[in-house]
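Coordinate inspection notes
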Amino acid sequence: MIALSDYLIFSAILFGLGVAGIFINRKNVIILLMCIELILLSVSTNFIAFSYYLDDMMGQIFVFFILTVAASESAIGLAILVVMFRRKKSIDVEEMDLLKG
C-alpha cells in the first residue's frame, strides 16, 4: 500500500519542477503555462491524498474546482497567446508589452 508520505513527496517534486520551470524559463509562454499546470496538479494531488487518508470527500470535491480553474486558465491563456502571436509573430514574454495600459 502506498503511504501518505509517498504522495506528499511526489507532490513536492511536481511543485518543485513547476516553480523551477517558472524561474528558469522566462522566455516561452507555453512553458510558463505548463509549469503553472504542474503546480496546480501538485496541489490537487495533495488534496486527493489527504482526502483519501482522512476519509473526507471535501478535498476531492475541491479538486474539481481546481481543475475548472486550470482548464479555464489554459483556454484563456492559449487564446491570448494566439492573438499575440498573430500580431507580434513571436511568443517571447519580453516582447509582450501590447497589453500595457
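The preceding data block contains the structure.
The notes below deal with the structure included here. (Residues numbered from 1 in each chain as written. Predicted model: local features only at pLDDT ≥ 70, side-chain atom pairs only at ≥ 80, totals over all residues. Heavy atoms only, no water.)

Observations regarding the overall build of the protein
This is how the line gets drawn: In this description a helix means any DSSP run of H or I spanning at least four residues, a strand means any run of E spanning at least two, and both kinds are numbered starting from the N terminus. With C-alpha atoms as the basis for the radius of gyration, the globule rule is written as 2.2 Å multiplied by the number of residues raised to the power 0.38. Whether two residues are in contact is decided by their heavy atoms: any pair within 4.5 Å suffices. Per-residue and other accessible areas follow the Shrake-Rupley method at a 1.4 Å probe size, with only the shown protein chains counted as cover for residues.
Within the protein, the regular secondary structure consists of three helices and zero strands. The order of helices and strands in the protein, counted from the N terminus, is α-α-α. In terms of overall size, the protein is more extended than a compact globule, its C-alpha atoms giving a radius of gyration of 17 Å where 101 residues would be expected to give roughly 13 Å. Its C-alpha atoms put the protein at 50 × 25 × 20 Å along the principal axes. The long-range share in the protein, meaning contacts at least 24 apart out of those at least 6 apart in sequence, stands at 56%. Within the structure as shown, the protein displays about 7,200 Å² of accessible surface, and the carbon and sulfur contribution to it stands at 74%.

Some words on unusual backbone geometry
Our working rule: Categorising residues by exposure relies on relative accessible area from a 1.4 Å probe, with only protein chains included: less than 20% of the type maximum marks a residue as buried, more than 50% marks it as exposed, and the intermediate range marks it as partly exposed.
Of note in this structure, D55 is not a glycine but carries a positive phi near 55 degrees. Locating D55 in the fold gives a position in the loop between α2 (29–53) and α3 (58–88). D55 gets classed as exposed once you look at its relative accessible area, which sits at 74%.

What about the packing of helix α1 (residues 4–24) against α2?
Helix packing for two helices is described by the angle between their axes and how far apart those axes are. Going by this rule: A fitted line through C-alpha atoms represents every axis, and for helices the fit uses only the stretch in contact; the resulting angles, taken between N-to-C directions, go from 0 to 180 degrees. Roughly parallel means an angle under 35 degrees; roughly antiparallel, over 145; roughly perpendicular, 65 to 115; everything else is oblique. Crossing handedness follows the turn of the near helix against the far one: under a right angle anticlockwise gives a left-handed crossing, and clockwise gives a right-handed one.
Viewed as axis vectors pointing N to C, α1 and α2 meet at an angle of 165 degrees, and their least axial separation amounts to 8 Å. If you check the angle between α1 and α2, you find them roughly antiparallel. α2 is crossed by α1, and the crossing has left-handed handedness.

Topic: the side chain of S44
Structurally, the position occupied by S44 is in helix α2. For S44, the contacting residues outside a window of four places in its chain are V63 and I66.

Topic: α1
In plain terms, the rule: Expected span of a helix: the number of residues minus one, times 1.5 Å. Each C-beta atom gives one direction from the helix axis, and the arc is the one those directions make.
The terminal C-alpha atoms of α1, which comprises 21 residues, lie 30 Å apart, in line with the 30 Å expected from a rise of 1.5 Å per residue. Of all the residues in α1, the buried ones are S11, L14, G18 and G21. In an axial view of α1, the angular spread of the buried residues amounts to 90 degrees, which keeps them on one side of the axis. Exposed side of α1, more than 90 degrees from the buried face: I9, I13, F23 and I24 are the residues found there.

Concerning a nonpolar patch on the surface
Operational definition: Patch members must show over 30% relative accessible area and no salt bridge, and they are joined within 9 Å when carrying like charges or within 5 Å when they are nonpolar side chains of Val, Leu, Ile, Met, Phe, Trp or Tyr. Salt bridge, as used here: a side-chain nitrogen of Lys or Arg that lies within 4 Å of a carboxyl oxygen of Asp or Glu.
On the surface, a nonpolar cluster with roughly 670 Å² of combined accessible area is contributed by V43, F47, M57, M58, I61, F62 and F65. Elements with a minimum of two residues in the nonpolar patch: α2 and α3. Note on F47: relative accessible area 30%, which makes it partly exposed.

So yeah, pure geometry; function would need other evidence.
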